[in-house]
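Each chain is listed here by its residues.
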Amino acid sequence: MNVKETSMLEIRNLHVTVDGKEILRGIDLDVRAGEVHAIMGPNGSGKSTLSYVLAGREGYEVTEGSVRFKGRDLLEMGVDERAAAGIFLAFQYPLEIPGVTTMTFLKTALNAQRKARGEGELDAVRFLKLVREKAKPLNVSDDMLKRALNVGYSGGEKKRAEVLQMSLLEPALAVLDETDSGLDIDALKTVADGVNALRSSDRAMVVITHYQRLLDYIVPDVVHVLSQGRIVKTGGKELAHELEKSGYAAYGADAA
Amino acid sequence: MTEKATQNFIETYERTQARLPGADSWLSRRRETAVKAFAEAGLPHRRLEEWKYTDLRQVLEKAAFAPAPAHEGAVILPDSRSAAAFAAIDRYTVVFVNGRYRADLSHTSRLPKGVELHPLVDVVHEQWARDLVERRLDDGRQAENVVDLNTALMNDGACLRIRKGVKLDKPLHLLFFTADAGASHTRNLILIENEAEATIFETHVGAEAGFANIVTDVSLAEGARLGHLKLQDEATGAVHLATMRTRLEASAHFTSFTLTLGCGVSRGQNFVLFAGEGAEAHVNGAYALRGTQHSDQFCVIDHAVPGCTSHTLFKGVLDDSSEGVFQGKVIVRPHAQKTDGRQMTQALLLSRNAAMNAKPELEIYADDVQCAHGSTVGELSRDAIFYLRSRGIPELQARQLLISAFLDEALDLVPHEMARNALKSLTDDWFAEARA
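Bear in mind the structure is a predicted one, so any value in this text is a computation, not a measurement.

Even without being a glycine, Asp19 of chain A presents a positive backbone phi close to 50°. A positive phi angle, near 60°, is found at Asp24 of chain B, a position not held by glycine. You can see Asp24 of chain B is positioned in the loop between helix H1 (4-16) and helix H2 (26-41). Among the residues examined, Asp24 of chain B registers 8 C-beta atoms within 10 Å and is labelled exposed.

Bringing the sheet that holds strand E5 (residues 172-178) of chain B into the picture now. Residues and elements named next belong to chain B. Taken in spatial order, the 10 strands make up an open sheet running E2-E1-E5-E7-E9-E11-E13-E15-E17-E19, and their pairing is mixed. A strand with exactly one partner marks an edge of an open sheet, and here the two such strands are strand E2 (100-107) and strand E19 (370-378). In this sheet, neighbouring strand axes are inclined to one another by 10° on average, regardless of whether the strands run parallel or antiparallel. Here strand E11 (residues 253-260) runs beside strand E13 (residues 280-289); their pairing, made up of eight bridges, is parallel. Counterpart to Leu259 in the pairing with E13 is Ala286. Packing of helix H7 (residues 395-411) onto the sheet brings it into contact with E13, strand E15 (309-318) and strand E17 (340-349), and relative to E15 it is tilted by some 155°.

So, on to the nonpolar core. The biggest cluster of nonpolar side chains holds 208 residues, and the ones touching the most others in it are Phe88, Ala90, Val175 and Val207 of chain A together with Ile192 and Leu220 of chain B. Here the element with the most residues in this core is H7 of chain B; it accounts for eight residues. Apart from the residues within four sequence positions on either side, Val207 of chain A is in contact with Val36, Ala38, Leu176, Leu214, Ile218 and Pro220 of chain A.

Our focus in this paragraph is the sheet that holds strand E12 (residues 230-235) of chain A. Residue and element names in this part refer to chain A. With mixed pairing, the six strands of this open sheet are ordered in space as E6-E9-E10-E3-E11-E12. A strand with exactly one partner marks an edge of an open sheet, and here the two such strands are strand E6 (87-90) and E12. Between one strand axis and the next, the sheet turns by 20° as a mean value, whatever way the strands run. Helix H7 (residues 155-169) rests against E6 and strand E9 (173-177) of the sheet, and its axis sits at about 170° to E6.

Across the boundary between the two partners, chain A contributes 20 residues, which contact 17 residues of chain B. When residues of the side of chain A that touches chain B are traced back to their parent elements, those giving at least two are helix H3 (79-85), strand E7 (97-101), helix H4 (102-116) and H7 of chain A. Split into classes, the residues belonging to the side of chain A that touches chain B amount to 14 nonpolar, four polar and two charged.

Calculation notes
- Residues numbered from 1 in each chain as written.
- Chains lettered and ligands numbered in written order.
- Predicted model: local features only at pLDDT ≥ 70, side-chain atom pairs only at ≥ 80, totals over all residues.
- Helix = DSSP H or I, 4+ residues; strand = E, 2+ residues; numbered from the N terminus.
- Buried ≥ 20, exposed ≤ 12 C-beta atoms within 10 Å, placed from the backbone.
- Pairing = 2+ DSSP bridges.
- Axes fitted to C-alpha atoms, helices over the stretch in contact; angles between N-to-C directions.
- Contact = placed C-beta atoms within 7 Å.
- Core = buried A, V, L, I, M, F, W, Y, C linked by C-beta atoms within 7 Å.
- Nonpolar A, V, L, I, M, F, W, Y, C, P; charged D, E, K, R; others polar.

Set out below in structure tokens:
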């Protein structure tokens, strides 16, 4: 099988420095449509850096290597261009945006992406219907939608709002950065159900997590261990359980 | 030696006094006193604490405005978005061109009974007008010298008196249009009697460089209500100085909102005196400046009696090399217990060369009060922009969304819904224009 031809995301020898310090030191990763990859690793191993580089955050300097997404050079694309092309990053700490209601934000984002793809913008009625349909299974109330984005949301509400955005924007590749952090078990289940509902043969996911717990609910096809900026081991879902027992010490990192 | 700009105003007075409204009446004597006081003090300059950030003397020395000519004949009102901002609202309209009332352009028919609306010249012989002109607010002394200049030279203005219990059924829109360069001195007098109500919109537009020195004296009797909304979008060569002095009797209610988009130099002064208990004043505003624009908001809220509420919020966006100023003072006099006084100013700098000077002050002499003040100056959050862009929103649109959200917190305080939306679309356009 020729992996290169079918990969949605293709990362080759990726080196990234932040403030002059090398954080990613040669990442290779292939993610194909329909797959869910988990990237596990201790704090400081470079997990969040990888997610930000994919999303295009400034301050992350790629010194070597390449990233291709659906055959295009991802690193040449702007942040919003990547989003319109189908990349979605669910933030570990979603930002609070005072003064912009969640509803306005969702509509602006969806229509911006549709416009960038040459599709027509949705009118208010069709948009509202769509949002309600997507919000319901995630227990996102109309009241939440009317409030300023993430302002005063609980940890669980913020993560549900992220999944709602993902559900509405229907990305080809979703990167979930520590989506389990700060969630109790009920909130975790709601979020995981939302994510699982989005699994499909034409969508890929990269789930970044420190703990195995989330992977009980979002079961990955492939698990990678990231340590000191490199993928040091790759295996099936059982690798997550091994890590839960043995910790990250065996991979040359603190068991943080 | 008196500096040139001050001397010019004095000469204008000497030359025109016989033709100004109220010649040979109490007003000519009042003008005489005012011009003497003005000549003594001169134009305010930066060595005065209250004018530290806006050196009016220097600004007017440089600009050297001659008196604005009377603009006879046809006038084409500008087709700008600001001039038309309130066009969709059912309202009475009074138009001033170069500071002079134009009956032919105004629409004030079918005013309700008990509502009197006249140009200044028609009310100078009435006692209520005289009371308002001669009134001095204890807290307004820092404004007095520019008010003196206005008193000496005022030649027109809108004078509104609403009788006891009468409600003005539609907003009254005062449209000030600068058609020719020059200086004008406008005096508006507003008396709202017991339990009466009015909403007033003011728009200041023009493509010409002028100096507008506007004084609006307001008296709100017991239980009276006034909603005041002002939009200033004059040419960048223009200098705008507006002083509003409002006295509130018991249970009166005053809301004021100023949106500043235009002028090279502008200063809005708001003096509020609480003279009766249980009254409420909301003095708010927003501004969006670019280029080398300079805007100064100066507020003094004097709680002279107990149990009154004052809230002030000014928010501004400053781009390029523009400069914003907020100076605010809340005074709580010794017996003014149960005062609720809050004042906040926030500015967003869009450029490294923009500057904000903020000086909020509290002067509290009573002990059972709730007072707070604060000031923040910041820039757009890069993290917030990244977050919005990561959802597919292009950078310029993301910035615009955040800027609008910032200003909307202030604009949301405009009570009149249609007017509020009109102002919001102007501020939305402001950013779009800059990048067009």
